[in-house]
Amino acid sequence: MKLFSASLSAIATAFLLSSTVIQSANALSLTIRNDVPGKESSPILYGLMYEDINRCGDGGMYGQMLRNWNFQKDDTGTKDPSTEFWSTVGDGAKIALDSSVGLNDANKNSLRLDVSSTPAGVANEGWWGVRVQPGEKYTASFFAKSNGYSGKINVSLQAKDGTVLASATTEGKLSSDFQKFTVKLSPKVSSTSIDNRFVVSVDSQDAVGSSIYFQVFSLFGETFADRENGLRQDIGKALHDLNPSFFRFPGGNNLEGVTIPQRWKFQETIGPLENRVGRLGDWSYWNTNGQGLLDYMYMCEDLGMEPILDVYAGYSLDGSSVPEGDLGPYVEEVLNELEYLTGSKDTKWGSLRAAHGHPEPFNIKYIEIGNEDWFSTTYEYRYKVFYDAIKKAYPDVTIIETAVQNARPWDIYDDHYYLDAKAMIGMFDHYDNYPRNGTGIFVGEFGTNVKGCCGQSPANLEAALANAVFITGLERNSDLVKMIAYAPGMKRLGHEQWNPDMLHFDTESVWLTPSYLVLQQWSNNRADTILQVDHSDGGFGPLYWVVGSKKDTKQIFVKMVNTGSQAEKVSFNLKNAAIHSQGVARVITGSSLDDENTKDQTTVSVKESTFSMDSLTSFAYTFEPNSATVLLLHLQ
């Protein structure tokens, strides 16, 4: 997606040239042809696209619970750092940023606490609160020093009224040199609350008259897969439950930077937190880079995803392009990133990865050169330079292009679609007659905007059904379409910069949109072979379908979307297949196309039931109006 732009790929506009056959679906009869060869379906069809938008990185997916934790910039990323989101605790506390006392080259200042009486301390308000949950344990850390006080530090989670929910004291004592302190916090609470704060304080009289300097704070609850510096657990679980096969990162727009110097740079995101340098993100707020390259790769490991590494290709959002003769350092940056990920411990960058905790090289199979480069006029020469360098060093890698160019070959084309519901449904057959010439398609971003492109529409049932029709068409063509990802993936409620989004959250909880439910069911019920389906007494519209089989589990999946306001009965016959007497139906629907799921109310959900077969080779099923359904059949 692009900031303030409704433009789309030239290929995406080709829906105007396509047509979907609209016929009466009354008494539709479908014959599932297990007697003829089907089409092989991509094994990594469904996955995730990520960029930090809608506050979904810092304060979202990234499990760090503290805000302004290293004082590098203000929250907007445009002003000098301050003590925003921090406050004093106790009448004898005074705080300020001190630029004369820094931790290191990445963090050249510190939060100074001046103590005139005790108790005295500092408190962080978190990302719109600090969530404390029953049974959850928390890990806090920070660097601290003092020239006048050599005692211990108290660490606590407190309600806003000062009630202490959990507390601990550092094992070590302060000295005149920065040290890292880590404590564990175990609240004994009976309910979840967010109106809390993180407090670091001293109560010893020995601290009076002293200054204490702090830097690089962190507070984590229990993370997904217990990963250090990992994902917020409930968001990680929601992503895991989508059964994603790939992860495209770090953008999206957020790869490119508003300007060339502001691009995402891998080298600023690696190593210990205290060595990382943040940047102005492309969505008008500061990115801390607390979640960096290696963290994204750990995320791929924990969720079982194939990494799709998107690399900066010399174009930024202000429309500037690096001249061809000046591309050398940017190409070198990409090659260094690849060596960091894939190089042995004997290489410069591979040894650094090993030092950062991952001795074994990663296997990077897919590299995307740029992002939405149809907005530029310079992709031809930029793609050529990056392609040549990458292919020379990594000849077996699959290259993804983001715009039409003729300078060099390409393996996969990344197509993006942000359309209204009618247009998205009209894309159902878009790839039916697309050339099969050894290249593939990556639908790297898509989302139905029922009010039109872009970014100002509800995540309602109408959008979900249009998305369901679209991906059903993609799955029918999944010999060609290799990967599909909805975008944007997430939003923090009240801080959305683009609607609709797939997954919604706030500080307290996570809830799932109708489109999430569609992607979840389509992804979790995957075929390895798409079967031919013959139809009579009707055709596509208002019913849209795809049928596939999975050999190792002896299953057939029927995926059907009914965009009509009436229930539709369909008779099914199977050739060269015998099925068990009962099937499973999973149905996504609501009472209105306007239905949305909110934090407090779920109006669209997945309802599961069983149904009976008429015989070993036939059955009938009535599809609810305005519904997306998966029928699971078991082969004998």
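Residues numbered from 1 in each chain as written. Predicted model: local features only at pLDDT ≥ 70, side-chain atom pairs only at ≥ 80, totals over all residues. Heavy atoms only, no water.

As recorded in an unreviewed UniProt entry, the chain goes by the name non-reducing end alpha-L-arabinofuranosidase, listed as coming from Lichtheimia ramosa. For the chain, the Sequence similarities (unreviewed entry) comment in UniProt is given as "Belongs to the glycosyl hydrolase 51 family." The Catalytic activity (unreviewed entry) comment attached to the chain in UniProt states, word for word, "Hydrolysis of terminal non-reducing alpha-L-arabinofuranoside residues in alpha-L-arabinosides." (UniProt positions renumbered as here; feature names shortened; annotations may be inferred.)

Moving on to the overall build of the chain. Assigned secondary structure in the chain consists of 10 helices and 34 strands. A compact globule built from 636 residues should have a C-alpha radius of gyration of about 26 Å, and the chain, at 27 Å, falls within 12% of that. A sequence separation of at least 24 residues applies to 75% of the contacts in the chain between residues at least 6 apart. Summed over all atoms, the accessible surface of the chain reaches about 23,900 Å², with 47% contributed by carbon and sulfur. Here the chain contributes 54 positive and 77 negative side-chain charges, whose respective centroids are spaced 3 Å apart. (Helix = DSSP H or I, 4+ residues; strand = E, 2+ residues; numbered from the N terminus. Rg over C-alpha atoms; globule rule 2.2 N^0.38 Å. Contact = heavy atoms within 4.5 Å. Areas by Shrake-Rupley, 256 points an atom, 1.4 Å probe, with all protein chains shown as cover. Lys, Arg positive; Asp, Glu negative; His and termini not counted. Charge placed at Lys NZ, Arg CZ, Asp CG, Glu CD.)

Per the UniProt record, "domain: Alpha-L-arabinofuranosidase C-terminal" (unreviewed entry) is annotated on residues 444-627. Taken end to end, residues 444-627 is 15% helix and 39% strand, and its two terminal C-alpha atoms sit 25 Å from one another.

Moving on: the sheet that holds strand 10 (residues 164-169). Across the sheet, five strands lie side by side as 4-7-12-9-10; this open sheet has antiparallel pairing. Looking at strand neighbours, the two that pair on one side only are strand 4 (86-89) and strand 10, the edges of this open sheet. Between one strand axis and the next, the sheet turns by 20° as a mean value, whatever way the strands run. With six bridges joining them, strand 9 (residues 154-159) and strand 12 (residues 196-202) adopt antiparallel strand pairing. Considered in strand 12, the bridge of Leu157 is made with Phe198. (Pairing = 2+ DSSP bridges. Axes fitted to C-alpha atoms, helices over the stretch in contact; angles between N-to-C directions.)

Our next topic: the layout of surface pockets. Quantified by volume, the largest pocket comes out at close to 740 Å³. Mapped by element, the contributors of at least two residues to the lining of the largest pocket are strand 8 (138-146), strand 11 (179-185), strand 13 (211-220) and helix 4 (293-303). Considering every element that reaches the lining of the largest pocket, the biggest residue donor is strand 8, with four residues. Its residues assigned to classes, the lining of the largest pocket shows 11 nonpolar, 10 polar and 10 charged. If you count residues domain by domain, the lining of the largest pocket takes at least three from each of domain 2 (86-220) and domain 3 (262-404). By volume, the second largest pocket is sized at about 280 Å³. Put simply, the parts of the chain that give the lining of the second largest pocket at least two residues each are strand 27 (532-536) and strand 28 (543-550). Of the residues in the lining of the second largest pocket, the class split is eight nonpolar, five polar and three charged. (1 Å grid on protein atoms, 1.4 Å probe; cavity = no way out; pocket = protein on both sides within 12 Å on 5 of 7 lines; lining within 4 Å. Points joined across faces, edges and corners; volume = space filled by probe spheres on them. Nonpolar A, V, L, I, M, F, W, Y, C, P; charged D, E, K, R; others polar. Domains from an automatic or database assignment.)

What follows is about helix 9 (residues 461-476). A rise of 1.5 Å per residue sets the reference length of helix 9, with its 16 residues, at 22 Å; its end C-alpha atoms lie 22 Å apart and thus fit the reference within 8%. A large share of helix 9 lies buried, amounting to 15 of its 16 residues. Capping of helix 9 at its N-terminal end is provided by Asn460; its side-chain oxygen lies 3.3 Å from the backbone amide nitrogen of Glu462. (Expected span 1.5 Å × (residues − 1). Buried < 20%, exposed > 50% of the residue type's maximum accessible area, 1.4 Å probe, protein only. Polar contact = N/O pair within 3.5 Å; in protein donor to acceptor, adjacent residues only side chain to side chain.)

Here we take up the domain arrangement of the chain. Domain parsing of the chain yields domain 1 (29-37 + 528-635), domain 2 (86-220) and domain 3 (262-404). One C-alpha centre belongs to domain 1, the other to domain 3; they are set 41 Å apart.

You can see Thr269 is positioned in the loop between helix 3 (253-256) and strand 15 (279-280). From its side chain, Thr269 meets the backbone oxygen of Phe266 in a polar contact 2.8 Å long. From its side chain, Thr269 meets the backbone nitrogen of Leu293 in a polar contact 3.0 Å long. When residues no more than four places from it in sequence are discounted, the contact partners of Thr269 are Trp264, Arg276, Asn289, Gly292 and Leu293.

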